[in-house]
Amino acid sequence: SFIGEESVAAGEGSILTDNPTWIIDPIDGTTNFVHRFPFVAVSIGFVVNKKMEFGIVYSCIEDKMYTARKGKGAFCNGQKLQVSGQEDITKSLLVTELGSNRDPETIKIILSNMERLLSIPIHG
């Protein structure tokens, strides 16, 4: 099976089944792309039984290839990645993306979640 983000965003329906499925977003960061903001990627995932098996993200502008495989770790241009050992949330940096849905109820939920996150004493 195949699910393309751009066609789903355009209103085409898609159903994730247990079948092996490719999920592709050819311009991940479309809004960034339109505004010439350099965080744009091609994202590809492969799912079996509704579980991610592997993914590839190519950051076009940075020329960085991120890959990950279930149980095998994640890499950037072949170099193994690992998460930070930081356990104190007050020493963290919060990064978020608000999405493009401007439905009033969706905005209300997003802002409520943001309010809870921003009440934590984080670096920024």
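Just above, that's the structure.
In what follows, the accompanying structure is described. Being a predicted model, the structure only gives us computed values, none of them experimental.

**A look at the packing of aromatic side chains**
For step 1, the next point in the chain: A complete count under the given rule lists 4 aromatic pairs for this structure.
For step 2, the next point in the chain: Judged by centre distance (5.8 Å) and plane angle (75 degrees), the ring pair of Trp-22 and Phe-54 falls under edge-to-face. Note that Trp-22 is positioned in strand S2 (residues 21-28) and Phe-54 in strand S4 (residues 51-59), a separation of 32 residues in sequence.
For step 3, the next point in the chain: Judged by relative accessible area, Trp-22 falls into the partly exposed class, the value being 37%.
For step 4, the next point in the chain: An aromatic cluster of at least three residues, connected via ring pairs, comprises Trp-22, Phe-46 and Phe-54.

**Notes on the sheet that holds strand S5 (residues 64-69)**
For step 1, the next point in the chain: Spatial ordering of the open sheet is given by S1-S2-S3-S4-S5-S6-S7, a layout of 7 strands whose pairing is mixed. Edge positions in the open sheet fall to strand S1 (2-4) and strand S7 (79-80), since each of these has one partner strand only.
For step 2, the next point in the chain: Here S5 runs beside strand S6 (residues 73-76); their pairing, made up of 4 bridges, is antiparallel. Bridging from a neighbouring strand, Ala-68 pairs with Ala-74 of S6.

**A short note on unusual backbone geometry**
For step 1, the next point in the chain: The backbone phi angle of Arg-36 is positive, close to 60 degrees, even though this residue is not glycine.
For step 2, the next point in the chain: Here Arg-36 is to be found in the loop between helix H2 (30-34) and strand S3 (41-48).
For step 3, the next point in the chain: By relative accessible area, which is 78% here, Arg-36 ends up exposed.
For step 4, the next point in the chain: Backbone geometry at Asn-77 places phi at a positive 50 degrees, although glycine is not the residue there.
For step 5, the next point in the chain: As for its position among the elements, Asn-77 is in the loop between S6 and S7.

Conventions used here
- Residues numbered from 1 in each chain as written.
- Predicted model: local features only at pLDDT ≥ 70, side-chain atom pairs only at ≥ 80, totals over all residues.
- Heavy atoms only, no water.
- Phe/Tyr/Trp six-rings, centres within 6.5 Å; stacked < 30°, edge-to-face > 60°.
- Helix = DSSP H or I, 4+ residues; strand = E, 2+ residues; numbered from the N terminus.
- Buried < 20%, exposed > 50% of the residue type's maximum accessible area, 1.4 Å probe, protein only.
- Pairing = 2+ DSSP bridges.

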